[in-house]
Amino acid sequence: MKKNPIMFSIIFIFWVLLLAHFNPFLLSYISFQNNLIAKVSIIGFVSLVDLFWLYGLYHIVIVLFSMGCKKKPSPCLILPNPIPKVALLYLTMNDFNEEAVLSCVNQKYPNFDLFILDDSTDGQIKAKIDKFRVGIDTKPLIIRRPDKKAHKAGNLNYALNMIHKDYDYFAVCDADGILPSDFLKKLVPYFSLDDSIGFVQSNQRSNPRQFAEFAKNFSFITDIHWEYYVSARERFGFMMFYGHGALIKTSAWEKAGGFPETVTEDLAFSSIIREKGYRGVFVPDVICYEDFPKDYARFRRRNERWIKGTTEYLLRWYPKLLICKDVSLPEKLDVLIASGNLLLSLPFLIYLLIVGALLPFSLSYFDLHIPLAMKVFPSIKFYASWRWDFYIAMTVAAMAYLFPIALNFIRTPVKMLKYFANFTFIAISTTFVSSCDILTYLITRKSFFPVSGSKVFQAESNIILKAEIVLCLILGYLAVYTTNIWLLSIALTLGLDTLFYKFQHQNAVLNILIYVPFIINILIITVIGCYLLY
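Computed from a prediction, not measured in an experiment: that's the story for all the values here. (Residues numbered from 1 in each chain as written. Predicted model: local features only at pLDDT ≥ 70, side-chain atom pairs only at ≥ 80, totals over all residues. Heavy atoms only, no water.)

**A short note on the overall build of the chain**
- A tally of helices and strands in the chain yields 23 helices and seven strands.
- Radius of gyration (C-alpha) of the chain: 25 Å, near the 24 Å computed for a compact globule of 534 residues.
- In terms of its C-alpha atoms, the chain occupies a principal-axis envelope of roughly 80 × 50 × 45 Å.
- In the chain, which comprises 534 residues, the proportion classed as buried is 57%.
- Considering only intrachain contacts with a sequence separation of at least 6, the fraction spanning at least 24 residues in the chain is 80%.
- Put simply, the chain shows about 23600 Å² of open surface, and 64% of that area lies on carbon and sulfur atoms.
- Positive and negative side-chain charges in the chain, numbering 53 and 42 respectively, have mean positions lying 2 Å apart. (Helix = DSSP H or I, 4+ residues; strand = E, 2+ residues; numbered from the N terminus. Rg over C-alpha atoms; globule rule 2.2 N^0.38 Å. Buried < 20%, exposed > 50% of the residue type's maximum accessible area, 1.4 Å probe, protein only. Contact = heavy atoms within 4.5 Å. Areas by Shrake-Rupley, 256 points an atom, 1.4 Å probe, with all protein chains shown as cover. Lys, Arg positive; Asp, Glu negative; His and termini not counted. Charge placed at Lys NZ, Arg CZ, Asp CG, Glu CD.)

Structure, rendered in structure tokens:
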């Protein structure tokens, strides 16, 4: 199926116009330099700004297209006759959730079997699962494998290798997933639309009944993604299987050779079956619930899995998708850009190095790299040759990530500003650790699968936390030495990050301080705008 290229055409047309308009002006500063480091720094600065502009456009355009896609009603479908047999696979590893598995038991579908794929290592949890099964009339089958090889993919493959011949389709439900009772009844009919449909993905929202303070304050990130990104990607880009809350055609799994043994088996599987001629369908009006990590430490561990898994995918599986003639260009671009979005922390860290150290200390003349302190302080330099067009382009790129939040909470401005600040903190605070995740995977080629809801939780190494403190001090020194207020906001975020990791929401002062970086950035944008205006 060929995808309409209009969304990516708009993105790249505007991006090329930006490059054509600004790059000659920005690169002209090279002629003022008399050393190689300075010239390379300017080229690096311009290249990274170009990259950030591309992602700013991607976020804005895809959100606008998703808003249009939401108006499209779902087709009215009925169950085929005979009714296909479905295996509903509930996966758990030390994080059994009775409410979630009951949502599987209570499906209003006449022809399905429930399997509990239990990888738990905790004896008490295993006993809890066994006791639960005894109390259920339908007696779901518990499958436990002798080893824990290949994480979630291995768990799924082990069970499916035993049962796949008896089922037309299978559904995947994570330990925290809560399915609507008509989940199977509504998803199964979609396969009758087209033989090329390999999976049907339901919509997802964060569980509103989570009580953890961190989850309540940051779970909007899940809702924003599903509300403003997935619909446009299905119609104009690449529709991926999200690893849960989906129904998969068993024959597609067979042709793929099972789930790839990687921590991001969902993305790799989606890529492989797309090469085989299958595609995915998104059903926005079937909504499942999922838990958000209950604290910052678990959020970072989940993020580590995504970062390392995406890096592995781009190196191992994406090249095959890229050269596949049956996959359209918009899909290939979407996979690359969306995957790259998870890895932007490393380019951003390099950008900090360039604007914080290389540019100030190596250049003969360059006054566009960063907004510095206010001109009203005569002892502090203020680089003021930002033009209006450059100011607008930089501001829009910086704020593009907040665009869907603004749309979603425009009627509740206080909540909107709170989420602006929360998202700014979480995006900046994970810059260093996410960069380390990318580099450690590139060096070791190893990744792992942390179960964020598990009672058995492995904390991060103190080495990372100490390194974040060191980086915080270095950036703080550079901020003072070069009078760079923006760099100071980054340093402050990294300093708060370590405290937030240790104390979470137990400290009221800390909960207030995480708003400071966003406030500083807004003040910088406002001050430069006022300076240019007057």
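**Comments concerning the environment of Tyr351**
- Relative to the assigned elements, Tyr351 resides in helix H15 (residues 345-362).
- Separated by 65 residues in the primary sequence, Tyr351 and Met416 place their C-alpha atoms 28 Å from one another.

**Notes on the nonpolar core**
- One finds Met7, Trp53, Tyr351 and Trp486 to be the most contacted residues of the largest nonpolar core, which totals 76 residues.
- Considering every element that reaches this core, the biggest residue donor is helix H2 (residues 36-69), with 17 residues. (Core = buried A, V, L, I, M, F, W, Y, C linked by side-chain atoms within 4.5 Å.)

**Digging into the side chain of Ser270**
- Along the chain, Ser270 turns up in helix H11 (residues 265-275).
- Engagement of the side chain of Ser270 in a polar contact is seen with the backbone oxygen of Asp266, the distance being 2.7 Å.
- Apart from the residues within four sequence positions on either side, Ser270 is in contact with Phe238, Met240 and Phe241. (Polar contact = N/O pair within 3.5 Å; in protein donor to acceptor, adjacent residues only side chain to side chain.)

**Structural notes on the environment of Tyr242**
- On the secondary structure map, Tyr242 appears in the loop between helix H9 (230-236) and strand E6 (246-249).
- Taking the C-alpha atoms as reference points, Tyr242 and Ala100, 142 residues apart in sequence, are found 18 Å from one another.

**Re the pairing of strand E2 (residues 112-118)**
- Of all seven residues in E2, six are buried, a share of seventy percent or more.
- As paired strands, strand E1 (residues 86-92) and E2 are joined by seven bridges and run parallel to one another. Looking at the pairing, Ala87 lines up with Asp113 of E2.
- Taking the sense of rotation as the criterion, the β-α-β connection linking E1, helix H3 (residues 98-105) and E2 turns out right-handed. (Pairing = 2+ DSSP bridges. Right-handed = clockwise from strand over helix to strand, strands pointing away.)

**Re the pattern of salt bridges**
- With the rule as written, the count across this model stands at 21 salt bridges.
- Residue Asp118 pairs with Arg144 through a salt bridge whose shortest N-O separation is 2.7 Å. Placement of Asp118 in strand E2 and of Arg144 in the loop between strand E3 (141-143) and helix H5 (151-163) is noted, with a sequence separation of 26 residues between them.
- With a relative accessible area of 1%, Asp118 lands in the buried category.
- When the shortest N-O distance is used, the salt bridge between Lys152 and Glu265 registers 3.8 Å. Here Lys152, found in helix H5, pairs with Glu265, found in helix H11; they are 113 residues apart in sequence, far enough to count as distant. In this pair, the class of Lys152 matches that of Glu265, namely buried. (Salt bridge = Lys/Arg side-chain N within 4 Å of Asp/Glu carboxyl O.)

**Some thoughts on unusual backbone geometry**
- Put simply, Asn81 and Pro82 share a cis peptide bond, and its omega is 5 degrees.
- Of note, Pro82 is situated in the loop between H2 and E1.
- Although it is not a glycine, Asn94 sits at a positive phi angle of roughly 65 degrees.

**Digging into the packing of helix H1 (residues 6-27) against H2**
- Between H1 and H2, the shortest axis-to-axis distance is 9 Å and the interhelical angle comes to 150 degrees. It follows that H1 is roughly antiparallel to H2 by the angle criterion. The handedness of the crossing between H1 and H2 comes out as right-handed.
- Class assignment of the residues belonging to the contact of H1 with H2 gives a composition of 22 nonpolar, one polar and one charged. (Axes fitted to C-alpha atoms, helices over the stretch in contact; angles between N-to-C directions. Parallel < 35°, antiparallel > 145°, perpendicular 65-115°, else oblique. Left-handed = near helix turned anticlockwise from the far one by under 90°. Nonpolar A, V, L, I, M, F, W, Y, C, P; charged D, E, K, R; others polar.)

**Examining the environment of Asn408**
- Tracing the chain through its elements places Asn408 in helix H17 (residues 403-408).
- When the C-alpha atoms of Asn408 and Tyr313 are compared, they prove to be 31 Å apart, with 95 residues separating the residues in sequence.
- Ignoring any residue separated from it by four or fewer positions in sequence, one finds Asn408 in contact with Ile224, Glu227 and Tyr228.
- At 3.2 Å, the side chain of Asn408 and the side chain of Tyr228 are in polar contact.

**Some points on the side chain of Asp119**
- Relative to the elements of secondary structure, Asp119 occurs in the loop between E2 and helix H4 (123-134).
- The class of Asp119 is buried, set by a relative accessible area of 4%.
- Side chain to side chain, Asp119 and Arg145 meet in a polar contact 2.7 Å long.
- In contact with Asp119, not counting residues within four places along its chain, are Thr92, Met93, Arg145, Asp147, Lys148, His151 and Asn155.

**Observations concerning a nonpolar patch on the surface**
- A surface patch of nonpolar side chains, amounting to about 590 Å² of accessible area, comprises Trp388, Ile392, Val396, Leu533 and Tyr534.
- It is helix H16 (residues 388-399) that provides the largest number of residues to the nonpolar patch, a total of three residues. (Patch = residues over 30% accessible without salt bridge, like charges linked within 9 Å, V, L, I, M, F, W, Y side chains within 5 Å.)

Honestly, that's just the spatial picture; any functional story needs more than this.
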